[in-house]
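A look at the structure
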Amino acid sequence: FEIKNSFFENCFSDCLDVDFGKGIIESSSFTNCSNDCVDISGANVSLSKIEVIGAGDKGISLGEKGYILGEDIRVDQAYIGIASKDLSMAEINGANISNCKYGLAIYQKKSEFGSAGIRAFETNFYSNKNDYFVEKKSDLLLNEKIIIGNEEKVYTKLYPL
């Protein structure tokens, strides 16, 4: 699939859900979503020139062995800016993440999967409560620096009952 020059606004749930697909999302904006703005599961997606403003949960959510290759991404005002979970990998070149409770979150949510990772270059954080939250066995390479995860049960800390 290809989604280009699109605008998603005031979505009740996830704005865009991609399950087990392959495609490109470029030059698109996502504004005021009640849940996730871009939710990718088990898919291989290229993201370019993406703007997310106001996500009730995650700006960009990646799970279930998904893969993202992203560049020029802006996330503002989300609970989590970009999340990678459950054997997923996000490779990001050029991101600005601001006004989020967690800029990046890397963890295992489902027991049948495993740890996850993010490789982020030229990534900037502004006014986040926490720039990143990394679970043990998951990994983060952030602007040429390796961040070792030392947290356990991150999902239950992010979403307590």
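To keep things clear, this report deals only with the structure shown in the data block. Predicted model, so just to flag it, every value in this text is computed and none were measured.

What follows covers the nonpolar core. Formed by 39 residues in total, the largest nonpolar core has its most connected members in Ile25 and Phe30. Among the elements that take part in this core, strand β6 (residues 44-63) stands out by supplying seven residues, more than any other. Excluding residues that lie within four positions of it along the chain, Phe30 makes contacts with Phe8, Cys15, Leu16, Ile25, Cys37, Val38, Ile50, Glu51, Val52 and Ile53.

Glancing now at unusual backbone geometry. Generally, phi is negative for residues other than glycine and the peptide bonds are trans, each holding for most cases. Positive phi values are uncommon outside glycine, yet Lys65 reaches one of about 60°. Positionally, Lys65 belongs in the loop between β6 and β7 (67-85). The exposure class of Lys65 is exposed, given its relative accessible area of 56%. Of note, the phi angle at Asn143 is positive, near 50°, even though the residue is not glycine. Of note, Asn143 is situated in the loop between β12 (139-142) and β13 (145-148).

Following the sequence through the fold, Asp36 ends up in the loop between β4 (22-33) and β5 (38-41). Residue Asp36 is classed as buried on the basis of its relative accessible area, which comes to 3%. With sequence-adjacent residues up to four places away left out, Asp36 is seen in contact with Ser13, Asp14, Cys15, Asp57, Lys58 and Ser61.

Time to look at the packing of aromatic side chains. Within this structure, the stated rule accounts for six aromatic pairs. Ring geometry for Tyr79 versus Tyr159: centroids 5.7 Å apart, planes at 55°, classification tilted. Here Tyr159 lies in the segment after α1 (154-158) and Tyr79 lies in strand β7, a separation of 80 residues in the sequence. Each ring, one from Tyr102 and one from Phe133, has its centre 5.3 Å from the other, and the planes form 15°; the classification is stacked. Here Tyr102 is found in strand β9 (residues 102-107), whereas its partner Phe133 is found in strand β11 (residues 130-134), with 31 residues between them in sequence.

Scanning the entire structure with this criterion turns up eight salt bridges. Lys110 is paired through a salt bridge with Glu64; the nearest N and O atoms lie 2.2 Å apart. Here Glu64 lies in the loop between β6 and β7 and Lys110 lies in the loop between β9 and β10 (117-126), a separation of 46 residues in the sequence. Between Arg119 and Asp139 there is a salt bridge whose closest N-O contact spans 2.4 Å. Here Asp139 lies in strand β12 and Arg119 lies in strand β10, a separation of 20 residues in the sequence.

Cut-offs and rules
Residues numbered from 1 in each chain as written. Predicted model: local features only at pLDDT ≥ 70, side-chain atom pairs only at ≥ 80, totals over all residues. Heavy atoms only, no water. Core = buried A, V, L, I, M, F, W, Y, C linked by side-chain atoms within 4.5 Å. Buried < 20%, exposed > 50% of the residue type's maximum accessible area, 1.4 Å probe, protein only. Helix = DSSP H or I, 4+ residues; strand = E, 2+ residues; numbered from the N terminus. Contact = heavy atoms within 4.5 Å. Phe/Tyr/Trp six-rings, centres within 6.5 Å; stacked < 30°, edge-to-face > 60°. Salt bridge = Lys/Arg side-chain N within 4 Å of Asp/Glu carboxyl O.

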